[in-house]
Amino acid sequence: MNWPQHPSSWLARPSLLAAWVADLDGQLVGHVGLSRGTTGDMAAALWSAREGVKPDVTAVVSRLFVDPAARGHGLGAALLEHAVGEARARGLYLVLDVVASDVSAIALYERLGWQLLATVEQQWGPQQVVTLRCYAAGT
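Keep in mind it's a predicted model, so treat the numbers as computed, not measured. (Residues numbered from 1 in each chain as written. Predicted model: local features only at pLDDT ≥ 70, side-chain atom pairs only at ≥ 80, totals over all residues. Heavy atoms only, no water.)

### A word on the pattern of salt bridges
Here's step 1: Inspection of every chain in the model, using the stated rule, returns three salt bridges.
Here's step 2: Across the pair Glu-110 and Arg-133 runs a salt bridge, and its minimum N-O distance is 2.9 Å. Here Glu-110, found in helix α4 (residues 103-111), pairs with Arg-133, found in strand β6 (residues 128-136); they are 23 residues apart in sequence, far enough to count as distant.
Here's step 3: Since its relative accessible area comes to 40%, Glu-110 is described here as partly exposed. (Salt bridge = Lys/Arg side-chain N within 4 Å of Asp/Glu carboxyl O. Helix = DSSP H or I, 4+ residues; strand = E, 2+ residues; numbered from the N terminus. Buried < 20%, exposed > 50% of the residue type's maximum accessible area, 1.4 Å probe, protein only.)

Printed below as a string of structure tokens:
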């Protein structure tokens, strides 16, 4: 993983709408963030182009992770479903992108009915280009 130099600013980006954590036996083991979609978000841009709407009607799963030791308890799915419900309550279309090599996350999204929008390349730094799979929440 590419853990950021400043995790607090990575987790709480300026467009953050809300965030939730998962607890397992008193231990913090997961997190999901919901951010307002912007033109810089690949999945939001793809969704808005496909639907003919502005990116600001989207919300983006900005961060979703579960401690590897806590996997298998449905926490990732629960966090994601909570984010879906919140986005819908706000009248926003929920999208996300995931590094194409993260097969576990991709399997989760597809099992939960997320729709693949496209696979794209994105520059993450001067020397790093990554392949992302962009998804929209199922209906």
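### Focus: the environment of Leu-24
Here's step 1: Summarising the element assignment, Leu-24 is placed in strand β1 (residues 16-24).
Here's step 2: Taking relative accessible area as the criterion, Leu-24 reaches 22% and is therefore assigned partly exposed.
Here's step 3: Once the C-alpha coordinates of Leu-24 and His-73 are considered, the two residues, 49 residues apart in sequence, prove to be 8.9 Å apart.

### Notes on the packing of aromatic side chains
Here's step 1: Taken as a whole, this structure holds three aromatic pairs when the rule is applied.
Here's step 2: The interplanar angle of 40° and the centroid separation of 5.2 Å between the aromatic rings of Trp-47 and Tyr-93 together place this pair among those described as tilted. Separated by 46 residues along the polypeptide, Trp-47 in helix α2 (residues 42-51) and Tyr-93 in strand β4 (residues 93-99) bring together distant segments of the chain.
Here's step 3: Judged by relative accessible area, Trp-47 falls into the buried class, the value being 9%.
Here's step 4: Overall, the relative accessible area of 44% leaves Tyr-93 in the partly exposed class.
Here's step 5: Ring geometry for Tyr-109 and Tyr-135: centres 6.0 Å apart, planes at 55°, overall tilted. (Phe/Tyr/Trp six-rings, centres within 6.5 Å; stacked < 30°, edge-to-face > 60°.)

Taken by themselves, the reported measurements are silent on function.
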